[in-house]
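Residues per chain, in single letters:
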Amino acid sequence: MKNLKGIIYALISSGTFGLVPLFSLPLILPGLRPEGVAAIGIPTILFYRFLFSSITMGGVCLYKKTSLKINTKELVVVFFLALLYAATAKFIVDSYEYIASGLATTVHFLYPIFVSIVMILFYKEKKSTALIIASILSLIGVALMCWHGEPSPALFKGLTLAALTIFTYGLYIVGLNKSRVSEMNFDSLTFYVLIMGCLIFLFYALLTTGLQMVTLRSDWINLILLGFFATFISDLCLVLAVKHAGSTITSILGSMEPVVAVLVGTLFFAEHFDWVSAIGLLFVLGAVTLVIIASKRQEH
C-alpha cells in the first residue's frame with residue numbers, strides 16, 4: 001500500500017509539471033489572447049507563479065509548524081539554487097514562443113543525463129556504458145521530434161532555450177544533493193527557493209517590462225493554477241513520492257512530464273505531432289529511464 005501511494009504521488013507530480021504549457025501558453029502567445037488584449041510579459045507571469053506557490057508553501061510550513069530557521073551560509077547556497085530554479089522556469093517558458101511546448105519539455109527532460117555526466121566528472125561516480133547509449137538515443141529522439149518542416153532560426157533559438165534548462169535544472173538537482181543544504185528540512189528549503197524565486201522575478205520585472213497589470217479573470221485563473229498545480233502540487237507530491245516509493249520509481253515515473261506536455265500541446269494547442277514525433281518521444285523516455293536505472297544500480 002505504501003508503494004502504491006508513492007506511485008500515485010509520483011504520477012501526480014510529473015503529470016502536473018507537464019501542465020505548465022496549459023496554463024502558460026494562453027498568457028504568452030498573441031494568437032491565443034482575446035482580440036485587442038496584449039500578451040502578458042514572461043517576467044510578470046513568473047513573478048505571480050512563484051508568488052502564489054510560495055504563499056501556499058508558506059501556509060503548509062505554518063500548518064505543519066515547520067521551523068524556518070536558516071543560517072547565513074545556507075541562505076547563500078539557497079539563493080544560488082533559487083537562481084538556477086528561476087532560470088529553468090524562465091528558459092522553458094521563453095522557449096514556448098519559438099517551438100512546440102511538447103518538444104521543449106521533452107528536451108528539458110534530458111536533464112538526468114547531464115546530472116549523470118556531472119556526477120561522473122566531478123564526484124567520481126563510475127563511468128557507465130548506459131550513459132553513452134542513452135546520450136545517443138536522446139539525440140536521435142530529439143532529432144526525430146524536430147523532423148517536420150525546414151530548419152529555421154526560431155527552431156534553433158527555441159531548442160537552445162530549452163536545452164539551457166538541462167544545465168540549470170541539472171545543476172539545481174546536483175546542488176540539492178551535494179551542497180550544505182542537503183540536510184535541511186525539505187519543506188523549509190522549498191519555501192525559501194520559491195520565495196527567493198518570487199523576489200528574483202519581481203526585480204527582473206521591474207528592471208525590464210515592469211510588473212504588468214492583470215485585468216482578465218481568465219488570466220488570474222491561469223496564473224493561480226500555474227502556481228498551485230504546476231509548482232506547489234508538483235513539488236509537494238515529489239517529496240511524498242520519494243518518501244513512499246523511493247527515488248528510483250519516482251524518477252522513472254517522471255517520464256509522465258513530457259508525455260503530458262505533448263498531449264496538452266497536441267490536444268489544446270494543435271501542435272504538430274505524428275508517428276515520427278511519437279518514436280522520437282519514446283527514444284527520449286527510454287534514454288532517460290536507462291540512465292536512471294543504471295545510476296541506481298551503481299548506488300546499490
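None of the values given here were measured: they were computed from a predicted structure. Residue indices begin from 1 for each chain and proceed along its sequence in written order. With pLDDT at 70 or above as the cut-off, local features in this predicted model cover only qualifying residues; side-chain atom pairs require 80 or more to be listed or tallied, and sums for whole chains, interfaces and linings still use all residues. The side-chain figures draw on all heavy atoms in the structure; neither hydrogens nor water molecules are used.

Focus: the nonpolar core
Heads up, the condition is: We define the nonpolar core as a collection of buried residues of types Ala, Val, Leu, Ile, Met, Phe, Trp, Tyr and Cys that are connected through side-chain atoms lying within 4.5 Å of one another. For each residue, the accessible area found with a 1.4 Å probe, counting protein chains only, is set against the maximum for its type, and the residue is called buried under 20%, exposed over 50%, and partly exposed in between. By definition in these notes, contact holds between two residues if any of their heavy atoms fall within 4.5 Å.
Val 78 and Tyr 85 are the most contacted members of the largest nonpolar core, which has 79 residues in total. Look past the residues within four positions of Tyr 85 in its chain and what remains in contact with it is Phe 17, Phe 50, Tyr 169, Tyr 172, Val 193, Leu 194, Thr 231 and Asp 235.

Let's talk about the confidence of the model for the chain
Selection rule: A residue's pLDDT is the predictor's confidence in that residue, given on a scale from 0 to 100. Strands are runs of DSSP state E lasting at least two residues, helices are runs of H or I lasting at least four, and both sets are numbered from the N terminus onward.
The predicted model of the chain has a mean per-residue pLDDT of 88, with 94% of residues at 70 or higher. Mean pLDDT values for the elements of the chain range from 67 in helix α11 (residues 247-253) up to 96 in helix α3 (residues 42-63).

Brief notes about the packing of aromatic side chains
Going by this rule: Within 6.5 Å between ring centres, the rings of Phe, Tyr and Trp (the latter by its six-membered ring) count as paired, and their orientation is classed by plane angle as stacked under 30 degrees, edge-to-face over 60, tilted in between.
Applying the stated criterion across every chain yields a total of 16 aromatic pairs. Between Phe 50 and Tyr 85, the aromatic rings sit 5.8 Å apart at their centres with planes inclined by 80°, giving edge-to-face as the arrangement. With Phe 50 in helix α3 and Tyr 85 in helix α4 (residues 72-95), the pair connects residues that are 35 residues apart, well separated along the chain. By relative accessible area, which is 0% here, Phe 50 ends up buried. For Tyr 85, a relative accessible area of 8% puts it in the buried group. For the ring pair Phe 52 and Trp 220, a centre distance of 6.5 Å and an interplane angle of 65° mean the geometry is edge-to-face. With Phe 52 in helix α3 and Trp 220 in helix α10 (residues 217-245), this residue pair connects regions lying 168 residues apart in the sequence. Connected via pairs of aromatic rings, a cluster forms that spans Phe 50, Tyr 85, Phe 109, Tyr 111, Tyr 169, Tyr 172 and Phe 201.

Some words on the environment of Gly 227
With respect to the helices and strands, the residue Gly 227 is situated in helix α10. Accessibility expressed as a relative area gives 0% for Gly 227, which makes it buried. Along the sequence, Gly 227 and Thr 56 sit 171 residues apart, while their C-alpha atoms lie 8.8 Å from each other.

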